[in-house]
Amino acid sequence: RFRHIAKTNQKMKYKQSTEQSGVETGDDLERLLPSELVQYKNPKIKKEFLRKLSEKETLQYEQKGKESLGQGSIILCLDQSGSMRNLETQSKGFTLALMAIAKKQKRNFAYIPFSHETGHVRQFQKGKIKPNEIIEIAKGFLSGGTNFQEPLKQALNIIKKDKFKDADIIFITDGEASLSNTFIQKYNDIKKEKDFHLLSLIIGRQGNIRHIEQVSDRVVKIKNLNDEGSFEAFEI
């Protein structure tokens, strides 16, 4: 179900990005203007259309920056503290849906499970994810308390690498934890320098989440991962 939702949201994002951008010439069939595609169906001008296509002279929608699908890397920080046990199936399905996006679009993907410490951090270049790695992620669970600072540190370390310099972070938790003022300042300085974004999905009725709010670009409070608000992650 999550994979289907992810696919739908990505298609919507593609449509929105093309509607909002300009027009250029090229030979990308998926981005050709309808007026160009009509020429292919007309026997009288079909040959002229094919000529323009072969010479990259057909009109197509222009895509810019991060609105272009398949450009940015994805880093997922997933809470696996004891309180997340009841949501384990949901969170694993959510993770696999994000991995499916990365795999299909050949995007870099990093997985950072955490509780009171971080678990096995995995990095996949250009969506090269093997079946046994998917199984290992689906089977693993940490349990324990909650620590926000360590997974965010790991995310920063990954972003500092050239291959993940275009990454954005998705942070999923049902808990609350403090961040030192020093870390918040350092984190936001690096975020400004590297120009990445952090989307935080906060599950359930949390108390004080002001620390995670101070480092997030957007915080979405949800009842669980089936909540429609969580699907914003599939638009990254």
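Residues numbered from 1 in each chain as written. Predicted model: local features only at pLDDT ≥ 70, side-chain atom pairs only at ≥ 80, totals over all residues. Heavy atoms only, no water.

A. Looking closely at the packing of aromatic side chains. Tallied over the full model, the rule gives nine aromatic pairs. When the centroid spacing of 5.8 Å and the interplanar angle of 35 degrees are considered together, the rings of F183 and Y187 count as tilted. Of the two residues, F183 and Y187 both sit in helix α7 (residues 181-194), four residues apart, roughly one turn of that helix. When its relative accessible area of 7% is taken as the criterion, F183 is described as buried. Ring centres of Y187 and F196 lie 5.8 Å apart, and the angle between their planes is 90 degrees; this geometry places the pair in the edge-to-face category. Considered together, Y187 and F196 belong to a single accessibility category, that of buried residues. (Phe/Tyr/Trp six-rings, centres within 6.5 Å; stacked < 30°, edge-to-face > 60°. Helix = DSSP H or I, 4+ residues; strand = E, 2+ residues; numbered from the N terminus. Buried < 20%, exposed > 50% of the residue type's maximum accessible area, 1.4 Å probe, protein only.)

B. Spotlight on the sheet that holds strand β5 (residues 122-124). On the basis of which strands lie adjacent, the open sheet formed by six strands has the order β5-β4-β3-β6-β7-β8 and mixed pairing. Of all the strands in the sheet, just β5 and β8 (218-222) have a single pairing partner and so form its edges. Averaged over all neighbouring strand pairs, the angle between strand axes comes to 15 degrees, with direction disregarded. Alignment of strand β3 (residues 74-79) against strand β6 (residues 168-173), held across five bridges, turns out to be parallel. Within β6, the position partnered with L76 by the bridge is I170. Where helix α6 (residues 149-159) meets the sheet, it contacts β3, β4 (109-114), β5, β6 and β7 (198-203), and its direction lies at approximately 160 degrees from that of β4. (Pairing = 2+ DSSP bridges. Axes fitted to C-alpha atoms, helices over the stretch in contact; angles between N-to-C directions. Contact = heavy atoms within 4.5 Å.)

C. Structural view of the pairing of strand β2 (residues 58-61). Burial along β2 is one-sided: T58 and Q60 are buried, while L59 and Y61, pointing the other way, are not. Of the strand pairs in this sheet, strand β1 (residues 23-26) and β2 are connected by four bridges, and their pairing is antiparallel. Bridge pairing links G26 to T58 in β2.

D. Representation of α7. The end-to-end C-alpha separation of α7 is 20 Å, in line with the 20 Å expected for 14 residues at 1.5 Å each. Among all positions of α7, only F183, I184, Y187, I190 and K191 are buried. Along the axis of α7, the buried residues cluster in a sector spanning 135 degrees; they form a single face. Across from the buried face of α7, at angles greater than 90 degrees, the exposed residues are N181, T182, K192 and E193. If you follow the buried residues of α7, they end up packed against α6, β6, β7 and α8 (210-215). (Expected span 1.5 Å × (residues − 1). Arc of directions from axis to C-beta.)

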